[in-house]
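Inside the fold
Below are the chains, spelled out letter by letter.
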Amino acid sequence: MTSDPADLTAADHLDAAREMAAANRPLLAHLLAEEAARRTADPATAAGIRAAFPNPAPTRKETD
């Protein structure tokens, strides 16, 4: 691993997203996958990454 975050690749972010998904951290997995997709040149590959790690948008219910 590198000490400079700017040196991280799409593959590094995707690996980290998989680790977070395995650790039941879906929001972190989603954010890391978004960064991996952003760093991916091929739009179809980026779309596939985003589809594999959807936003776990929490549902919020109002209570009185």
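Our subject is the structure that appears above.
Residues numbered from 1 in each chain as written. Predicted model: local features only at pLDDT ≥ 70, side-chain atom pairs only at ≥ 80, totals over all residues. Heavy atoms only, no water.

A short note on the overall build of the protein
Helix and strand content of the protein: three helices and zero strands. Listing every helix and strand of the protein by position from the N terminus yields α-α-α. Going through the 64 residues of the protein one by one, you find that 23% of them count as buried. As displayed, the protein offers around 4,800 Å² of accessible surface, 56% of which is attributable to carbon and sulfur atoms. (Helix = DSSP H or I, 4+ residues; strand = E, 2+ residues; numbered from the N terminus. Buried < 20%, exposed > 50% of the residue type's maximum accessible area, 1.4 Å probe, protein only. Areas by Shrake-Rupley, 256 points an atom, 1.4 Å probe, with all protein chains shown as cover.)

Thoughts on the pattern of salt bridges
The final tally for this structure, using the stated rule, is four salt bridges. R18 is paired through a salt bridge with D15; the nearest N and O atoms lie 3.4 Å apart. Here R18 pairs with D15, and both are found in helix α1 (residues 10-22), just three residues apart, close to one helical turn. R18 gets classed as partly exposed once you look at its relative accessible area, which sits at 46%. The class for D15 is partly exposed, based on a relative accessible area of 41%. If you follow the salt bridges from partner to partner, you end up with E35, R38 and R39 in one network. (Salt bridge = Lys/Arg side-chain N within 4 Å of Asp/Glu carboxyl O.)

A word on α1
Helix length check: α1, at 13 residues, gives a terminal C-alpha distance of 18 Å against a target of 18 Å (1.5 Å per residue), a fit within 8%. Along α1, the positions that sit buried rather than exposed are A10, H13, L14 and A17. Here the buried residues of α1 occupy an arc of 100° about the axis, which is enough to place them on one side. Structural note: α1 exposes E19 and A22 on the side pointing more than 90 degrees away from its buried face. In this structure, the buried side of α1 is in contact with α2 (26-38) and α3 (43-52). (Expected span 1.5 Å × (residues − 1). Arc of directions from axis to C-beta. Contact = heavy atoms within 4.5 Å.)

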